[in-house]
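Descriptive structure summary
Take a look at the letters that make up each chain.
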Amino acid sequence: MKLISSCALISFALMLCAFGVSKAVHKKVVKEVEKTFDVEGVSFSPISVSEEVNQELPAKITGENFYEVSAQNTLLGYAFVDQAPSKTAKFDYLVVFDTELKVVNSKVLVYREEYGGEIGSKRWLKQFLGKSGNDRVSSETNIDAIAGATISVRSMTKSMDNLLQTIGILQKNGNL
């Protein structure tokens, strides 16, 4: 029994290191990904790219922010975890893709500002659903503004656009 507990603890610690995020954020990522795919016991395999390829990418892939998500040896999709700047701090967010690399979920995991947290609403975030590496998003053209959250809207939208461009480049170059 003690061996099982030790193995589970070591596995959990290794997964935390792989994510490069806090324990609280990691728990939220796992919960949200399992909810998205309606499955328990997901595993995350880091995706990394060469430094040469990474130089071309608007969103950098570090091996600690982009993962293949699987359960029972079946690929379910992909998850991207990162931070984006708000007025004085950064917020953590998650983007979940299906196997075709289309956005199936996005979530603001931790928002650290007094104002602008409305970007975490499901209604606002659903604007990104179905987007892929072929799409562009902009707070100036096709993403709704939120009064009192201008900086956060622009930041999240720019982060999403950079990620979508990155996915497109990786697909075009055969990295995904």
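Above: the structure in question.
Heads up: these notes are all about the structure in this document. Remember, it's a predicted structure, so these values are computed and weren't measured experimentally. Counting restarts for each chain, with residues numbered from 1 along the sequence as it is written. Reporting in this predicted model follows two pLDDT cut-offs: at least 70 for local features of residues, and 80 or more for side-chain atom pairs to be given and counted; totals over whole chains, interfaces and linings ignore these cut-offs and use all residues. For side-chain calculations, the full set of non-hydrogen atoms in the structure is used, while hydrogens and water are omitted.

**Considerations on the overall build of the chain**
We count it as follows: Starting at the N terminus, helices and strands are each numbered in turn, a helix being any DSSP run of H or I of at least four residues and a strand any DSSP run of E of at least two. Note on exposure labels: buried denotes an accessible area under 20% of the residue type's maximum, exposed denotes more than 50%, and partly exposed covers the range between, all computed with a 1.4 Å probe on protein chains only. Contacts are residue-level and defined by heavy atoms, with any inter-residue pair within 4.5 Å sufficient. Note on areas: Shrake-Rupley with a 1.4 Å probe; residue coverage comes only from the protein chains shown.
A tally of helices and strands in the chain yields five helices and five strands. Per-residue burial for the chain yields a buried fraction of 42% across its 176 residues. The contacts in the chain between residues at least 6 apart in sequence include a share of 50% that link residues at least 24 apart. A total of about 9,900 Å² of accessible surface is found on the chain, and carbon and sulfur atoms cover 51% of it.

**Let's talk about the sheet that holds strand S1 (residues 43-46)**
Using the following cut-off: For two strands to count as paired, DSSP must find a minimum of two bridges between them. Every axis in this analysis is a line fitted to C-alpha atoms, fitted for helices over the stretch in contact. Angles between the N-to-C directions lie between 0 and 180 degrees.
Ordered in space as S1-S2-S3-S4-S5, the five strands form an open sheet in which the pairing is antiparallel. Only two strands of the sheet have a single neighbouring strand rather than two, namely S1 and strand S5 (103-110). Shown here is a sheet whose adjacent strand axes are inclined to one another by a mean of 25°, direction ignored. With four bridges joining them, S1 and strand S2 (residues 66-71) adopt antiparallel strand pairing. Looking at S2, one finds that Ser-45 is bridged to Glu-68. Docked against the sheet, helix H2 (residues 23-37) engages S1, S2, strand S3 (74-85), strand S4 (90-97) and S5, running at close to 155° with respect to S5. This element, helix H5 (residues 150-172), spans S2, S3, S4 and S5 of the sheet and lies at about 40° to S4.

**Regarding H5**
For an α-helix, the turn length of 3.6 residues means that residues three or four places apart are oriented alike. Applied cut-off: Helix span, expected: 1.5 Å multiplied by one less than the number of residues in the helix.
With 23 residues, H5 extends 33 Å between its outermost C-alpha atoms, agreeing within 8% with the 33 Å of an ideal straight helix rising 1.5 Å per residue. Downstream of H5 by a residue or two, Gly-174 has a phi angle that is positive, lying close to 75°.

**Some points on the environment of Asn-134**
Along the chain, the position of Asn-134 falls in the loop between helix H4 (122-125) and H5. On the basis of relative accessibility, which here comes to 74%, the residue Asn-134 falls in the exposed class. In this structure the C-alpha to C-alpha distance between Asn-134 and Lys-102, which are 32 residues apart in sequence, comes to 9.6 Å.

**Details of H2**
Spanning 15 residues, H2 covers 21 Å between terminal C-alpha atoms, matching the ideal 21 Å at 1.5 Å per step. Those residues of H2 lying buried are Val-25, His-26, Val-29, Val-30, Glu-32, Val-33 and Phe-37. Positive phi appears at Asp-38, one or two residues downstream of H2, with a value of about 50°.

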